Every structure is written in structure tokens, then in C-alpha cells.
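Single-letter residue listing:
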Amino acid sequence: MLLYSETFGFRASLKQSHRKSCSNERPTLVFLHGLLGTGRDWCDVINLLSPDFPCLTIDLPSHGYSQLLNAKSFDDVSLWLQQTLVHRGITDYVLVGYSLGARLAMYYACQQHAVQPSPASTPQPILRGLVLEGGNFGLPESEREKRWENDKAWANRFASEPIGDVLADWYQQPVFSSLNHDQRQSLIQKRSDNLSGAIAHMLQATSLAHQPMLQAQLADLIVPIHYVCGAKDEKFKCLAEQSGLDYSVIPEAGHNVHAEQPYGFFMATKQYLLQNLIDSEYIY
């Protein structure tokens, strides 16, 4: 199953054309949005990154132009993501995920060996790294039932009530406490285009209650990982500090760093790429 995706390519300069082929040196940055979002949520960051890096946005199942595709599990999403990357001809790539997208990126990276989307003769994309924004690593068993009941309650509301009414309460959750009134109203208007039944389905299929604890598995990965969180997002700043991962705390940002402080997110991501994957000689 193919997910909707859009590409944004970097523009090689005339000077670069006399050097090595930069397109072979740079991984594609693959962006995964959060619940209620679409790939277009990344446009401000991509405008800054795409001159130097090829970028690919993906609409997750039940969202955007993939809203009629309903996944049953994390494994479904992982399989469809891999199939989409193969279809797009991606060779090397870095997953960049926000919130739900970060959780899916973590799960996918930790379960890659179990994903077999195409015949063995088909070249498989190679994961080169992870940038995780505000992603939860998983819950202990003792907290999962409570989380499942909470997610089911939200899903029932999305499925049965006007989406605007549900979103008005959704954005009052503590994780969104950094938003002001105007920001909340803007998000409610923007996210009201979603199919509420599809959101209810995805919320349950990818509930944090169903996600395994991934922190230890991430530590075993050989690819470089960078965590990004906002200075106003106390919960996820604490998770970052305790994770053992390299991380950046972006000033004047809450949970949604790439929307609130796109330049700060861009700089953290660019620095990660320069330090781990790209020769700075080829960045202009």
C-alpha cells in the first residue's frame, strides 16, 4: 500500500557541479507528521532544508491524501512506509518525525528487519539516521491500561461528535499548554478538515498503549539519533534529558517545535546532519 508523498529537491549550484555528485552524498530527509497533521505541516522547515537536502513528506494513514487508508497497527504503517520509500526510489534516508510521527519513526527503525515489502531483488532503502521531535519512547506496563482507556475515550469523541468541538478540548491538554488562544483557534480551524472517523481509527491503531518500550532498542541502533524538544515542553524535555540520546532544547518553543520555531528546528537538524552524515564542504 502506497502512502501519499511529495518530494522537494535541493538545488545544486554551478560550483557544486565541479565537485563530487552531491545527490549521491546526501540522504533524503523523510518527514512524518503528528496526529491530525499532514506532510504540508513541515513546509517552513523544508523551505530551509530543501536547497541543500532532498526532502520527502508523507501523509500518514487516515490523514491528508492518505485519509482513506486505515492501518490496523504499527506494523501496517511500517510496511506501507517502506513500500512508499521503495516506490519513490529512495536509497539513503533520514527519518524526521514529530509526536506520533516520531513514535512511528522509532518503531520502524527498531523493527526494520521484520519489514519485507518487496522481492529480495529490489534494492532496499538504507536508514541513515533519526531526528525525533517530541516522541514518547513508550509506557511501562502499569500505565498502559489507563492510557488505552484515555485514547479510546478520545477516539469515541472524534467518531461521534462535531470535530470542532472535540478539537477545542483536544488542544486544552497539558502538552499544548504553551499555545495561546489565537494559536489554539488557528489549529482548530486548520485541523477541522480531517475525517473524524479516520482520526478515531488511527488514534486507536497507534495508541501509545500498544507501542512497545523503544528506548533500549534505540540505544542498540547503529545509526545516529537526535532528539528535539521545546524549552516550554517540560514533559518531553525531561524525557530527552533521561534518554541518553543527543538532544537539542529549542528556546521559545512548546511541544510542536517545527511549527513554533521552524528556524530553531532547522538549525538543530542541520547541525545533526553536518556532525553525523554530511561533509560541511558541500553545504552552502
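Residues numbered from 1 in each chain as written. Predicted model: local features only at pLDDT ≥ 70, side-chain atom pairs only at ≥ 80, totals over all residues. Heavy atoms only, no water.

Draft legend 1. Expanded view of the overall build of the chain. Secondary structure summary: the chain contains twelve helices and seven strands in total. In the chain, which comprises 284 residues, the proportion classed as buried is 51%. Of the contacts made within the chain by residues no fewer than 6 positions apart, 76% connect residues no fewer than 24 positions apart. Of the roughly 13200 Å² that the chain leaves accessible, carbon and sulfur atoms contribute 50%. (Helix = DSSP H or I, 4+ residues; strand = E, 2+ residues; numbered from the N terminus. Buried < 20%, exposed > 50% of the residue type's maximum accessible area, 1.4 Å probe, protein only. Contact = heavy atoms within 4.5 Å. Areas by Shrake-Rupley, 256 points an atom, 1.4 Å probe, with all protein chains shown as cover.)

Draft legend 2. Geometry of the pairing of strand 6 (residues 225-230). Taken across its six residues, strand 6 has six buried, putting it largely inside the fold. Alternating positions in strand 6 separate into two faces, Ile225, Tyr227 and Cys229 on one and His226, Val228 and Gly230 on the other, with burial throughout. This β-α-β element, strand 6 to helix 10 (residues 234-243) to strand 7 (residues 246-250), shows right-handed connectivity. (Right-handed = clockwise from strand over helix to strand, strands pointing away.)

Draft legend 3. Spatial organisation of the packing of helix 5 (residues 141-160) against helix 8 (residues 196-205). Helix 8 packs onto helix 5 with a crossing angle of 170 degrees between their chain directions and a minimal axis gap of 8 Å. Regarding the angle of helix 5 to helix 8, the classification is roughly antiparallel. Contact with helix 5, carried on its side by Trp148, Asp151, Lys152, Trp154, Ala155, Phe158 and Ala159, involves Ser196, Gly197, Ile199, Ala200, Leu203 and Gln204 of helix 8 and no other residues of that element. Tallied by class, the residues present in the contact of helix 5 with helix 8 amount to eight nonpolar, three polar and two charged. (Axes fitted to C-alpha atoms, helices over the stretch in contact; angles between N-to-C directions. Parallel < 35°, antiparallel > 145°, perpendicular 65-115°, else oblique. Nonpolar A, V, L, I, M, F, W, Y, C, P; charged D, E, K, R; others polar.)

Draft legend 4. A look at helix 10. Among all positions in helix 10, only Phe236, Lys237, Ala240 and Ser243 are buried. Angularly, the buried residues of helix 10 cover 125 degrees about the axis, an arc narrow enough to put them on a single face. Those residues of helix 10 that are exposed and angled more than 90 degrees off the buried face are Glu234 and Gln242. Remark: Gly244 follows helix 10 within two positions and exhibits a positive phi of approximately 80 degrees. (Arc of directions from axis to C-beta.)

Draft legend 5. Spotlight on the environment of Ser248. Its location among the elements puts Ser248 in strand 7. Taking C-alpha positions, Ser248 is 9.9 Å from Met267, a pair spaced 19 residues apart along the chain. The residues touching Ser248, leaving out its near neighbours within four places in the chain, are His226, Tyr227, Val228, Cys229 and Ala268. Only 2.6 Å separates the side chain of Ser248 from the side chain of His226, close enough to count as a polar contact. (Polar contact = N/O pair within 3.5 Å; in protein donor to acceptor, adjacent residues only side chain to side chain.)

Draft legend 6. Broad picture of unusual backbone geometry. Phi is positive for Leu36, close to 80 degrees, though the residue is something other than glycine. Following the sequence through the fold, Leu36 ends up in the loop between strand 2 (28-32) and helix 2 (43-49). The backbone phi angle of Ser62 is positive, close to 70 degrees, even though this residue is not glycine. Look at Ser62 and you get buried, because its relative accessible area is 0%.

Draft legend 7. Here's a closer look at the nonpolar core. Core analysis: the biggest nonpolar cluster contains 79 residues, and Phe31, Leu95, Leu130, Leu132, Phe158, Trp170 and Tyr171 have the highest contact counts within it. If one sorts the elements of this core by residue count, helix 4 (residues 100-110) sits on top with nine residues. Among all residues touching Leu132, those that are not within four sequence positions of it are Gly97, Ala102, Ala105, Met106, Leu218, Ile225, His226, Tyr227 and Val228. (Core = buried A, V, L, I, M, F, W, Y, C linked by side-chain atoms within 4.5 Å.)

Draft legend 8. Spotlight on helix 8. Buried within helix 8 we find Ala198, Ile199, Ala200, Met202, Leu203 and Ala205. Contacts from the buried residues of helix 8 go to helix 3 (74-87), helix 4, helix 5 and helix 6 (163-170).

Draft legend 9. Structural detail: the pattern of salt bridges. Counted according to the given criterion, the structure contains eleven salt bridges. With its nearest N and O atoms 3.8 Å apart, the salt bridge here joins Lys232 to Glu252. With a gap of 20 residues between them, Lys232 in the loop between strand 6 and helix 10 and Glu252 in the loop between strand 7 and helix 11 (257-260) connect regions that are remote in the sequence. With relative accessibility at 42%, the residue Lys232 sits in the partly exposed group. Through salt bridges with shared partners, a single ionic network connects Asp41, Lys190 and Arg191. (Salt bridge = Lys/Arg side-chain N within 4 Å of Asp/Glu carboxyl O.)

As far as function goes, none of this settles anything; it's purely spatial.
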